[in-house]
Amino acid sequence: MTTTLIIIIVAVLFVTLAAILKRYRRCPSDKILVIYGKTGRSSSAKCIHGGAAFIWPVFQDYAYLDLKPISIECNLTNALSKQNIRVDVPCRFTVGISTEADVMTNAAERLLGLSPDNIQNVATDILFGQLRLVIATMDIEEINADRDKFLASVSANVEAELRKIGLKLINVNVTDIRDESGYIEALGKEAAAKAINDAKKSVAEQNRYGEIGKAEADRDKDIRIAETTRDTRIKTAEANALAVEGENASKITIANSDAARREKEAEAARIAVAAEKVQAAKALEEAYKSERDAEMARAEREEATQKANIVVPAQIDKEKAIIEAEAEAEQIRRKAKGEADAIYAKMDAQARGILEILSKQATGFQQLVGAAEGDPQKAVLMMIADKLPELVKTQVEAVKGINIDKVTVWDTGSGADGKTATSNFISGMMKSVPPLEDLFKMAGMELPSYLKGKAAAEDQPVDEK
C-alpha cells in the first residue's frame, strides 16, 4: 500500500513538472513571443524578444510574430510631382516587424494572426500612399539628381506610418525613374552635352597651358643670363662698398665716443638741477598742505556755525508746523464727525416720525375698511364723503382766484335754446374748471352715481338684480 502511494505521488509530480515545462516557452531570435490574456499590464499584450516566459494555463496564451524581412515591390506609375509632371517610380522596399518595445506592442495588436501575404498587402497600401505624397512635394530635378534626399524623405515618411502598425523600414531601392513627357530624358541629354563641352574646354585649356609653359621656359633662360651678369657687377660694387664702409665705421666710432661723453655730462647736469627742483617742490607741497588743513578746519567750523544758526531753527519750525497741522486736522475730523452724528440723528428722527405717521394711517385705513364691513368700495366712499367739502372748495377757489377788471360781451340776441351770449360766456368759463367726475377718473376712481346728477344717473346701467 505504501509503495503504491509513493508511485502515485511520483507520477503526479512528474506530470505536474512536465506540464510546467511545457508551459515555459522560449522565444527564438527570429521571432517575437506575444503573451496575451491576463498580462497584469496596462497594454493588451506582453512582447518578448530573445528571452523566455512562463505561460499561465487558463489565464494566458501565446503566439509568435515572425521577424523575417518582407520584400515588397512598389512599381508606382503616373505619380504627380510638384511640377504637375506624371512620373513612374519603380521601387522595392524591405520591411520587417520592429523589435522596439512600443512598436512590438503595435505589431501584437494589429498584425498578430495575419499571414505574411496579408501583412505585405497592408504595408503595400501604406508604401504606395507615402511614396505618392513624397513625390508630390519634390521637383523632377530633386528626384532624379539628389537621390539621397529623395530616399531620406521616403524613409522618414514611410517609417513613421509603418511604426503605427508595428513594422520598420529596412531598405529602400529605387531602380529607375521615368516620365511620360520625356523631361528626365531631356535632362540626361543636357547633362551629357554639358560633360562633352566641359571635356573640350579642358583639352583647350591644357593646350594653352603648354604654350604658356614653353614661353615661360624661354623667359627663365634669358633671366638666368641677365642674373649672371648682374651678379658680377654686384660683387665688384660690394668690394668697393666694404672699403668705404670700413672708413665710415671708424668715423662713426669716434663720433659715438664723443656723443657718449657729452651725454654723460648732460645727464649729470640734469640730475643736479632736478634734485634742486625736487627739494623746492617738496617745501612748497608741505606749505600748501598746512594751508589746506587750516582751511578745512575753518570750513568745518563755519559749517557747524551755519547748522546751529539756520538748520536747527528750521528743523524746530518744521516739527512745530507738523504738530500744528496734525492738531488742526484732528480738530476738523472731530468737528466733521460731530456734524455727521447730528445729521444722522436728525434724519433718524425724521424717518421715525414718517414711519409713525404711515403706521397710524395704515391702522386708520384698516379700521375704516373694518367699519365698512370689509368692503373697500364703501370705505373709499366714506373717505370721499369726508373730503367732499374740500374738493368743492378747491373747484370754487379755481374760479375765485381769477382777477377780471372788465368783461365786455356783445349779445346779438341770436343765441340757441334761449341762451344769450353772456350766459354762454359764463357757462364756458365754468366748464374750464375740471368737474368732480374727471378728477376722480384721473385718480383711477369712479364718482358715485348719487353725486353725478340726474342725467348721469340715468346713463348708468341698471343692475338687473
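Trainee: Even after reading the chapter, I still don't get the overall build of the protein chain, so can you show me in this structure?
Mentor: A tally of regular secondary structure across the protein chain gives ten helices and nine strands. Out of the 465 residues in the protein chain, the part that is buried amounts to 16%. Sequence-distant contacts in the protein chain: of pairs separated by 6 or more residues, those separated by 24 or more amount to 64%. A total of about 34900 Å² of accessible surface is found on the protein chain, and carbon and sulfur atoms cover 57% of it.

Trainee: Explain the pattern of salt bridges to me, please; I cannot follow it from the model alone.
Mentor: Side chains bearing opposite charge may pair, as long as their charged atoms lie close to each other. All told, the structure shown has 15 salt bridges when counted by the stated rule. R301 is the partner of E302 in a salt bridge, and the nearest nitrogen-oxygen pair spans 3.8 Å. For E356, the salt bridge identified is with K360, shortest N-O distance 3.7 Å. Taken together, the positions of E356 and K360, both in helix α6 (residues 183–371) and four residues apart, correspond to about one turn of that helix. Taken together, the salt bridges that share partners define one network made up of E330, R333 and R334.

Trainee: Please clarify how the packing of aromatic side chains should be interpreted in this entry.
Mentor: The relative placement of two aromatic rings is captured by the distance of their centres and the angle of their planes. Throughout the structure, instances matching the rule amount to one aromatic pair. Residues Y62 and Y64 carry aromatic rings whose centres are separated by 5.9 Å and whose planes lie at 80° to one another, so their mutual orientation is edge-to-face. Accessibility expressed as a relative area gives 30% for Y64, which makes it partly exposed.

Trainee: Please clarify how the pairing of strand β7 (residues 86–97) should be interpreted in this entry.
Mentor: Side-chain direction in a regular strand flips from residue to residue, so the side chains alternate between the two faces of the sheet. Burial analysis of β7 places nine of its twelve residues in the buried class, the great majority of the element. Relative to β7, strand β6 (residues 70–80) is paired through nine bridges, and the arrangement is antiparallel. In the strand pairing of β7, L80 is matched with R86.

Trainee: Looking at this model, I keep getting lost on the sheet that holds strand β2 (residues 31–37). Mind explaining?
Mentor: With antiparallel pairing, the three strands of this open sheet are ordered in space as β3-β2-β5. Both outer strands of the open sheet, β3 (45–48) and β5 (60–66), are each paired with one neighbouring strand and no more. Strand-to-strand, the axes of this sheet are offset by a mean angle of 25°, without reference to chain direction. Pairing of β2 with β3, which is carried by four bridges, proceeds in the antiparallel orientation. Across the sheet, residue I35 finds its bridge partner in β3, namely K46. Together, β2, β3 and β5 form the strand contacts of helix α2 (residues 101–110), whose direction differs from that of β3 by roughly 120°.

Trainee: Just checking my understanding: could you explain the nonpolar core for this structure?
Mentor: Across soluble globular proteins, nonpolar side chains have a tendency to be buried as a group. Counting 42 residues, the largest nonpolar core has F93, I135, F150 and L162 as the members making the most contacts within it. Among the elements that take part in this core, helix α3 (residues 116–136) stands out by supplying seven residues, more than any other. Residue contacts for L162: discarding those within four places in its chain leaves V95, A123, I126, L127, L167, K168 and L169. Residues C27, I48, A53 and I55 belong to the second largest nonpolar core, which totals six residues.

Trainee: Looking at this structure, how should I read the environment of A379?
Mentor: Relative to the helices and strands, A379 is located in helix α7 (residues 376–400). With residues near it in sequence (within four places) discarded, A379 still touches L368, V369 and A372.

Trainee: Please clarify how a nonpolar patch on the surface should be interpreted in this entry.
Mentor: A surface patch of nonpolar side chains, about 300 Å² in accessible area, is lined by L5, I9 and L13. Its location among the elements puts I9 in helix α1 (residues 2–23).

Trainee: What exactly am I supposed to notice about the packing of α3 against helix α5 (residues 147–163) here?
Mentor: Orientation of α3 relative to α5, taken along the N-to-C sense of each, is 140°, at an axis distance of 9 Å. In terms of axis orientation, α3 runs oblique to α5. Handedness of the crossing formed by α3 with α5: right-handed. Contacts between α3 and α5 involve A123, I126, L127, Q130, L131, L133, V134 and I135 from the first element and F150, S153, V154, N157, V158, E161 and L162 from the second.

Trainee: How should the side chain of S98 be read in this particular structure?
Mentor: Assignment of secondary structure puts S98 in the loop between β7 and α2. Look at S98 and you get buried, because its relative accessible area is 2%. Within the structure, S98 has its side chain in polar contact with the backbone nitrogen of E100 (distance 3.2 Å). Beyond its immediate chain neighbours, meaning those up to four positions away, S98 contacts I32, V103, M104, G166, L167 and K168.

Trainee: How should α2 be read in this particular structure?
Mentor: Because an α-helix completes one turn every 3.6 residues, residues spaced three or four positions apart along the sequence face the same direction. Residues of α2 that are buried: V103, M104, T105, A107 and A108. Buried residues in α2 make contact with β2, β3, β5, β7, α5 and β8 (167–174).

Trainee: What is the right way to look at the confidence of the model for the protein chain in this model?
Mentor: Close reading of the predicted structure is inappropriate where its pLDDT is low. Residue-level pLDDT values for the protein chain average 76, and 77% of them are 70 or greater. The secondary structure element of the protein chain with the lowest average pLDDT is helix α10 (residues 454–459), at 48, and the one with the highest is α3, at 87. Here residues 454–458 is a poorly scored stretch, pLDDT under 50, and it has one contact once near neighbours within four places are set aside; other chains count.

Trainee: Just checking my understanding: could you explain the environment of L114 for this structure?
Mentor: With respect to the element layout, L114 can be found in the loop between α2 and α3. The class of L114 is partly exposed, set by a relative accessible area of 34%. For L114 and L65, which are 49 residues apart along the polypeptide, the C-alpha to C-alpha distance reads 9.2 Å.

Trainee: Sorry if this is basic, but what is going on with the side chain of T105 here?
Mentor: In this structure, T105 sits in helix α2. A relative accessible area of 18% places T105 in the buried class. Sequence-distant contacts of T105, defined by excluding residues within four places in its chain, comprise S43 and C47.

Trainee: Would you take a moment to explain the state of the cysteines for this structure?
Mentor: Working definition of a disulfide: a covalent bond connecting the sulfur atoms of two cysteines. Per the counting criterion, the structure on display carries zero disulfides. Between C47, a cysteine without a disulfide, and C27, which holds the nearest cysteine sulfur, the sulfur-to-sulfur distance is 9.7 Å. Considering cysteine sulfurs only, C91 is the nearest to C74, which forms no disulfide, with 7.1 Å between them. A residue is classified by how much of its surface remains accessible, and C74, at 0% relative accessible area, is buried.

Thresholds applied
- Residues numbered from 1 in each chain as written.
- Predicted model: local features only at pLDDT ≥ 70, side-chain atom pairs only at ≥ 80, totals over all residues.
- Heavy atoms only, no water.
- Helix = DSSP H or I, 4+ residues; strand = E, 2+ residues; numbered from the N terminus.
- Buried < 20%, exposed > 50% of the residue type's maximum accessible area, 1.4 Å probe, protein only.
- Contact = heavy atoms within 4.5 Å.
- Areas by Shrake-Rupley, 256 points an atom, 1.4 Å probe, with all protein chains shown as cover.
- Salt bridge = Lys/Arg side-chain N within 4 Å of Asp/Glu carboxyl O.
- Phe/Tyr/Trp six-rings, centres within 6.5 Å; stacked < 30°, edge-to-face > 60°.
- Pairing = 2+ DSSP bridges.
- Axes fitted to C-alpha atoms, helices over the stretch in contact; angles between N-to-C directions.
- Core = buried A, V, L, I, M, F, W, Y, C linked by side-chain atoms within 4.5 Å.
- Patch = residues over 30% accessible without salt bridge, like charges linked within 9 Å, V, L, I, M, F, W, Y side chains within 5 Å.
- Parallel < 35°, antiparallel > 145°, perpendicular 65-115°, else oblique.
- Left-handed = near helix turned anticlockwise from the far one by under 90°.
- Polar contact = N/O pair within 3.5 Å; in protein donor to acceptor, adjacent residues only side chain to side chain.
- pLDDT = per-residue confidence, 0-100.
- Disulfide = S-S within 2.5 Å.

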